[in-house]
Amino acid sequence: MISRKVAVIGAGAAGLIASRELRREGHEVVVFEQSDRVGGTWVYNPNVDSDPLGLDSSRTIIFNSLYESLRVNLPREVMGFRDYPFVAQVNDDGRDPRRFPHHTEVLHYLEDFANHFGLIELIRFETEVIYVGLLEEEEELKNKWVVRYRKKGEVGSSSVAHEVFDAVVVCSGHHTHPNIAEIPGIDAWPGKQLHSHSYRVPEPFSGQVVLLIGNRASAADISKKIFTVAKEVHIASRSTMNVSPTKWFGNNNMRHHPLVKCAHEDGTVVFQDRSLVRVDVIVQCTGYKYCFPFLEISDIVTVDDNCVGPLYQHIFPPVLAPGLSFIGLTWMAPPFPTFELQSKWVAGVLSGRISLPYKDKMIKDVEAFYFQLKVAAVPKHYTHFLGEKQFDYADWLAAESGCQPLEEWRKEMAKERDRNATARPESYRDEWEDGDLIVQAHEDFSQYLPAELCGRTSKHSFELISIQMPTLTKVGNNTVMIADPRTLLIRWFFGERAGSFLLTACTKQKLPAHSL
Ligand SMILES: Cc1cc2nc3c(=O)[nH]c(=O)nc-3n(C[C@H](O)[C@H](O)[C@H](O)COP(=O)(O)OP(=O)(O)OC[C@H]3O[C@@H](n4cnc5c(N)ncnc54)[C@H](O)[C@@H]3O)c2cc1C
C-alpha cells in the first residue's frame, strides 16, 4: 500500500475522522485548522458577522452558526461515529446525558474523540489555508499539490508559508456563508434583517413582530425560542410545515404563510397568497452556500447554484482524482457516520487499496447522475441532498471500503426519528418510542466501550440506576410502562459487556425478550 503525504483542511467532525482514517491507512497527515481548537461548527461563538445578512464581502466573518439554545436534532446513537459511540458520560457533571443533548455535549465528544485517537498532534491550529493548487513543475512533481497558509493574525506576503503534498482532503465545512432569499422591494423596506447564521439568543426580538423564512430545523428551533419573547412570529416557507405552528404552541401568535412576494417601504411584507403583515425583523433561515476561497482550480471544480462539481460520488473531481477530495458536502444524512464512510473510502483510494474507475467512466457517471436529477426536476442546489438515498449511498461507500454496511438499527432509528419529529415537532427530543432500537444500538456499542464498564457475568440484564420519581411497570410481553415523563438512566449487561442509556419522557418502551 502506498503511503502519501496528505493535507486535511479543517478540524471539525469531517477533518477529525478523515485524519484518523488517513493515518490508520498509513498516510502522513497534516491538518490545518484556522481556529484554536477542534470541533468546527460545534464551537459556540456569541459574536456574529459584522453584516448579519452576510452580503458584504468585506465583512468580518464569524465561522460558527450555533445558537445558544441548540440541542442536537438526531439521537446521539445515530449521530456518533460508528466505532466511537456518542454515549452519555454519566459520571461527569459537566456533561449533558440526554439523548438529544445540548450542543456543548457534541463539542466534548469531538474533543474526546480527537484526544482518544491522538489526533491533536496532527493539527496545526490557528493556521488558515489561503491557497490550494496543483504544482506545475517538472515531471517528478507532477500531480503534487501546494498548500499556502498563514498563522492567524499575521498579514503580508512574508507571513505566508507553503508546503507540498501528494493529496488534499477538503473538510472546511459549509455552514458559514449565508444563502439569502431575494425579496423584491426589500431595499426600501425599513425593518431589520439577519440570517440564522447570526442568530444567537431570542432577547433582542422582545416585543417585535418577527418573520422567519424557511422551514428546516433551524427555522423550527429559532421560531420556538423567539416566540417566547416576541409580539408575533410569522413563518414563510415554500412547503407547508409538517404541522401548523399553531399545533406546536396552541397559540395564534404564530402563523404560517406561503413564500414572501415582496416588501414595502411602509414596513409590510406581502406573501404569495396576497396576505400581508407589518414586520419589524426578518430572519432568513435559508441555508448556506458552499465556498472554497482557497481553491485555485476554479476552472475544474466549480460551485454553480450550490452544486460543487463535477464530483464523483460527491467526493472526487474525476480530472483531479485522487489528489483532491471533499468530505462532508452531502446533507440530509447523519453527518458523522457519513463522513466516516467517505473518509474510509478516500483513505483506501489514496493508498491504492481501493481502485477508482477510469477517469472517463467517472465523468460519465457524474453526467448520468446530473441527468437523472434534471429529469426528476431536482433543483441544482439539491445535488448534494441525500434524503432517501442516504442509506444506499452509505452502504455503497461501505462496500467499496470493505467495511460493514451501516447498522440496521441506525437506519431504523434515523427513520423513526423523522417519524417522531413529524408527529411530535415540539417534543421529539424528549419523547420517543424506539427503546428497542436503543437497546440494539447499545448491544452494538458494547464492542467499543471501555473495559471498566464490563465485568458482569449475568447473561442479559437491565438495571435502573437513577430514577427521578417515575415508576416503571411491566405491562405486557417485553413492554414497560413509564408513568412519569422524566429521565431514567438504565444500565444494561450483555454477557461480559455493559453500557447505559437514558429513557426520557417515554410512554411505552418495547424491550427485547431477554431484557425483562
Ligand atoms: C445550526 C446547525 C445545527 C446543526 N445540528 C446538527 C445536529 O443536530 N446533528 C448533526 O449531526 N449535525 C448537525 N449540524 C451539521 C454539522 O455541521 C455537522 O454535524 C458537522 O459538524 C460538520 O462538520 P465539518 O467538519 O464538515 O464542518 P465544520 O464543523 O464546519 O468544520 C470545518 C472546519 O474547517 C476549518 N476551516 C475552514 N476553512 C479553513 C481554512 N481555509 N483553513 C483552515 N481551516 C479552515 C474551520 O475552522 C472548521 O473548524 C448542524 C449544523 C448547523 C450549522
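Naming follows an unreviewed UniProt entry, where the chain appears as Flavin-containing monooxygenase of Papaver somniferum. As stated in UniProt under Sequence similarities (unreviewed entry), the record for the chain gives "Belongs to the FMO family." We quote the UniProt Cofactor (unreviewed entry) comment for the chain here in full: "FAD".

### Remarks on the overall build of the chain
Counting secondary structure elements, the chain contains 10 helices and 26 strands. With 516 residues in all, the chain has 38% of them scored as buried. For the chain, the share of sequence-separated contacts (at least 6 apart) that also reach a separation of at least 24 residues comes to 65%.

### Concerning the pairing of strand β5 (residues 145–151)
With 7 bridges joining them, strand β4 (residues 127–134) and β5 adopt antiparallel strand pairing. Its bridge partner lying in β5, Thr127 is registered against Lys151.

### Considerations on the nonpolar core
Proteins that are soluble and globular tend to have nonpolar side chains buried together. Core analysis: the largest hydrophobic core is formed by 74 residues, its most contacted members being Val168 and Val169. Of all the elements, helix α6 (residues 335–351) adds the most residues to this core, at 8 residues. When residues no more than four places from it in sequence are discounted, the contact partners of Val168 are Ala7, Ile9, Val132, Trp145, Val147, Gly323 and Leu324. Grouped together as the second largest cluster of nonpolar side chains are 25 residues, Ala219, Ala230, Val233 and Ile282 included.

### Things to note about the sheet that holds strand β20 (residues 324–326)
Strand order in the open sheet formed by 5 strands is β3-β2-β1-β7-β20, with parallel pairing between adjacent strands. Edge positions in the open sheet fall to β3 (123–124) and β20, since each of these has one partner strand only. Inspection of the sheet shows strand β1 (residues 5–9) paired to strand β7 (residues 167–170) by 4 bridges, in the parallel sense. Paired with Ala7 across the bridge in β7 is Val168.

### Side note on helix α8 (residues 390–401)
Three- or four-residue spacings in an α-helix give side chains the same orientation, since the helix completes a turn every 3.6 residues. Helix length check: α8, at 12 residues, gives a terminal C-alpha distance of 16 Å against a target of 16 Å (1.5 Å per residue), a fit within 8%. Where α8 is concerned, the buried positions are Gln390, Ala394, Leu397 and Ser401. For α8, the buried positions fall inside an angular range of 65° around the axis, keeping them on one side. Elements that come into contact with the buried residues of α8 comprise α6. Residue Gly402 follows α8 closely and has a positive phi angle near 75°.

### A look at the environment of Val38
Along the chain, the position of Val38 falls in the loop between β2 (28–32) and α2 (76–79). Excluding anything up to four places from it in sequence, Val38 contacts Ala11, Leu16, Leu110, Glu111, Ala114 and Ile123.

### Some remarks on α6
Between its first and last C-alpha, α6 extends 24 Å over 17 residues, near the 24 Å set by a 1.5 Å rise per residue. Counting buried positions along α6 yields 15 of 17 residues, so the element is predominantly enclosed. Once α6 ends, the next one or two residues include Gly352, with phi positive near 90°.

### Brief notes about the sheet that holds strand β10 (residues 209–213)
Read across the sheet, 5 strands follow the order β9-β16-β10-β11-β12 without closing on themselves; strand pairing throughout is parallel. Each edge of the sheet is formed by a strand with only one pairing partner; in this case those strands are β9 (192–195) and β12 (254–257). Adjacent strand axes in the sheet meet at a mean angle of 20° when their direction is disregarded. As defined by bridge partners, β10 adjoins strand β16 (residues 281–284) across 4 bridges and the pair is classed as parallel. Opposite Leu212, over in β16, you have Val283 as the bridge partner. Running over the sheet, helix α4 (residues 217–227) touches β10, β11 (232–236), β12 and β16 and is turned about 165° from β11.

### A closer look at the environment of Ser343
Among the structural elements, Ser343 can be located in helix α6. The spacing of Ser343 and Leu22 is 321 residues in sequence and 7.4 Å in space, taken between C-alpha atoms. Residues contacting Ser343, with those up to four places away along its chain left out, are Ile17, Ala18, Glu21 and Ile327.

### Details of the packing of helix α9 (residues 408–423) against helix α10 (residues 435–445)
Running from N to C, α9 and α10 point in directions that differ by 145°, and their axes come no closer than 10 Å. Of the two possible hands of crossing, α9 and α10 adopt the one that is left-handed. Counted together, Trp409, Glu412, Met413 and Glu416 of α9 and Leu437, Gln440, Ala441 and Asp444 of α10 form the full contact between these two elements. Class assignment for the residues of the contact of α9 with α10 results in 4 nonpolar, 1 polar and 3 charged.

### Re the confidence of the model for the chain
Model confidence for the chain is summarised by a mean pLDDT of 87, while 83% of its residues fall at 70 or above. Confidence drops under pLDDT 50 across residues 241–250; counting only partners more than four residues distant or on other chains, this segment forms 20 contacts. Overall, residues 505–516 carries pLDDT values under 50, and its contacts beyond four positions in sequence, including any with other chains, amount to 38 contacts.

About the cut-offs
- Residues numbered from 1 in each chain as written.
- Predicted model: local features only at pLDDT ≥ 70, side-chain atom pairs only at ≥ 80, totals over all residues.
- UniProt positions renumbered as here; feature names shortened; annotations may be inferred.
- Helix = DSSP H or I, 4+ residues; strand = E, 2+ residues; numbered from the N terminus.
- Buried ≥ 20, exposed ≤ 12 C-beta atoms within 10 Å, placed from the backbone.
- Contact = placed C-beta atoms within 7 Å.
- Pairing = 2+ DSSP bridges.
- Core = buried A, V, L, I, M, F, W, Y, C linked by C-beta atoms within 7 Å.
- Expected span 1.5 Å × (residues − 1).
- Arc of directions from axis to C-beta.
- Axes fitted to C-alpha atoms, helices over the stretch in contact; angles between N-to-C directions.
- Left-handed = near helix turned anticlockwise from the far one by under 90°.
- Nonpolar A, V, L, I, M, F, W, Y, C, P; charged D, E, K, R; others polar.
- pLDDT = per-residue confidence, 0-100.

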